[in-house]
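# Chain and residue survey
Chain residues, written in single-letter form:
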Amino acid sequence: MQRTIRFAVAVLAVGLCSGGMAQAQSTADARQVITRAAEALGGSDRIQALRTMRLRGYGHDPYQDGGSLITTEATAPEKMTIITAYERAIDLANGRTRVRAKQSRAFVFAAEAMMTGRPMDQRLDGDVAFDVAPNGAARRASREAATQRRMELLANPIVAVRAALDAASRVTNRRTEGAATLVDVTTAGNTFTLAVTTANGLPLWVRWVGPHENLGDITYRTEFSGYEPVDGVWVPMSFNTVSDWRDNVQQRLHVDRYVLDGDVGDLAAPAAVRSAAAPAPAYTVDASVVAPGVWFLSGNGGANSVLLEFEDHLSLFEVPTNRAWTAALIAKARSTVPGKPVTEAIISHHHFDHTGGLRTAIAEGLTIITQTGNVAWFEDLARRRVEAFPDALSRNPKPIKTRAVDDHLRLSDSKLTVDVYRVVSNNHMAHGLMAYVPEHRLLIQGDLFDVGWEVYFWGNTYDDNVAYRKLDVERDVPIHGRVLPIAEVHAKLAEQTRNAEQLCAKVDSVGLSMPGCPLAWND
Ligand SMILES: [Zn+2]
């Protein structure tokens, strides 16, 4: 007996010891990938001694709000943003960064500044994310923004390798994938995978997982290419960020200038920003009666929804913005008409600001009423892998229930009749739906009209749809904006269309062009 125990203890000790040794060896192997990457970039001492980095360039972001490149259903038309000027300044020693950019939307849109080039200034100081307005006012951004910006900062070969060299970081799981060697890196606040080219040790890409309202977990990968030496450091001339959703391309950035150890100014968060609480949304929904059985649900959630009361159930038109806002809308619907279940949601179109609450609606058991062309797309959204950033649907998985509308669906009982129609004549969306309540002459619509728009390039859409369906609209009930009599809609529409024409004339007068504007030589 005694001998057996001693023998077992000895075996256990040997086992532990060899396990520990194997682990130490694998950590050393993984760290060796980082050491080699540092050498390839110009040497560990050189890159560790860098104090600042500034890179300037241009690029594009072909992926915006759920409109995208590919021609599969529900993604057209493309919503591409051109980054006409880009600059990232990094204070490496203090973990601070600033991204300034001018971007213009290369698709027809409704805000002049976003068409002609809206300046952007986003910063990060350690854990504090903040935005600086053109007038210099700084405002703290959310915790999620800080996480995202920290990862985007790490998606740079110098920053990633320096972070991995830090003795406090964990580097593990060395493996090979084609011509690349991969390791996993865990720093104080982030986890990412770094791939280096096995042949020369240069970083190839950084991959990480982030949260997304519509998509659940989203995997990004920023690829580095075109390495050139600058002051003894090898830096990539192109950054290509792809995601694991659909066509993949998230952002393409091309560098036209690097400045190492130049002056980047003071990137520290101002004291007032640092002491301010990170904004966390606390939503309040207001339900106002539009007509018997119809409520306008609005508030601080960015977009509205409409509650429709039938004999034995309730329906919503739109589950917009994000999961938390949609949860608040559903709760408000239940408290507004107690005793009737919310059973379905009609969705105007697939853009992310109109489908941010889709996963919540599915989790709540709602049937999704959408145009036929969106069904496969919505099914994909519902099936997304969600582990790192759980939500209501991942905690309580359910298959999506859809009811497809080709051209017209009448929802009707003794209490309410609602006609759901496919949107025609629209260059903002494919596969759109709108709803009409004949008894009260209400048109419920998303993105056919918004009183807040400055310029309107598809202004004919509203009346085209009204005429095509032979509707007699008295009031407009919009997902963006507020309920208005039809005469006010027409007055505002005319003004927005005039503004668009004036913008086109202005742009044309300096020899430029813009989506939505006629070509000067062929109007
Ligand atoms: Zn839209």
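In what follows, the accompanying structure is described. (Residues numbered from 1 in each chain as written. Predicted model: local features only at pLDDT ≥ 70, side-chain atom pairs only at ≥ 80, totals over all residues. Heavy atoms only, no water.)

Around the zinc ion, the protein contributes the donor atoms His349 (NE2), His351 (ND1), His428 (NE2) and Asp447 (OD), which lie 2.1 to 2.2 Å from the metal centre. Mapping the donors of the zinc ion onto the primary sequence gives the spacing H-x1-H-x76-H-x18-D. With a gap of 77 residues between them, histidine 351 in the loop between β18 (342-346) and α8 (352-355) and histidine 428 in the loop between β22 (417-422) and β23 (433-437) connect regions that are remote in the sequence. A relative accessible area of 0% means that histidine 351 is categorised as buried. On the basis of relative accessible area, histidine 428 is assigned to the buried category, the value being 5%. (Donors = N, O, S within 2.8 Å, 3.2 Å for Na, K, Ca; no water. Helix = DSSP H or I, 4+ residues; strand = E, 2+ residues; numbered from the N terminus. Buried < 20%, exposed > 50% of the residue type's maximum accessible area, 1.4 Å probe, protein only.)

What follows covers the sheet that holds strand β24 (residues 442-445). The sheet built from 6 strands is open, its strands ordered β21-β22-β23-β24-β25-β26 with mixed pairing. Two strands close off the open sheet at either side, each with one partner strand: β21 (408-412) and β26 (484-485). Inspection of the sheet shows β24 paired to strand β25 (residues 475-478) by 4 bridges, in the parallel sense. Across the sheet, the residue bridging to glutamine 445 is proline 478, located in β25. Helix α12 (residues 460-468) rests against β22, β23, β24 and β25 of the sheet, and its axis sits at about 130° to β24. (Pairing = 2+ DSSP bridges. Contact = heavy atoms within 4.5 Å. Axes fitted to C-alpha atoms, helices over the stretch in contact; angles between N-to-C directions.)

The next thing to look at is the pairing of strand β17 (residues 314-317). Judged by which residues are buried, β17 turns out to be covered on both faces: Leu314 and Leu316 on one side and Ser315 and Phe317 on the other are all buried. When strand β16 (residues 305-309) meets β17, the two strands line up antiparallel, connected through 4 bridges. The partner of glutamate 309 across the bridge, within β17, is leucine 314. Joining the antiparallel neighbours β16 and β17 is a turn of 4 residues. Relative to β18, β17 is paired through 4 bridges, and the arrangement is parallel.

This paragraph deals with the state of the cysteines. Counted according to the given criterion, the structure contains 1 disulfide. Linked covalently through their sulfurs, cysteine 504 and cysteine 517 form a disulfide whose S-S length is 2.0 Å. Taking the torsion about the sulfur-sulfur bond, which here is approximately -85°, the covalent link between cysteine 504 and cysteine 517 counts as left-handed. Of this pair, cysteine 504 sits in helix α13 (residues 486-509) while cysteine 517 sits in the segment after α13, placing them 13 residues apart in sequence. The same class applies to cysteine 504 and to cysteine 517, which are both buried. (Disulfide = S-S within 2.5 Å.)

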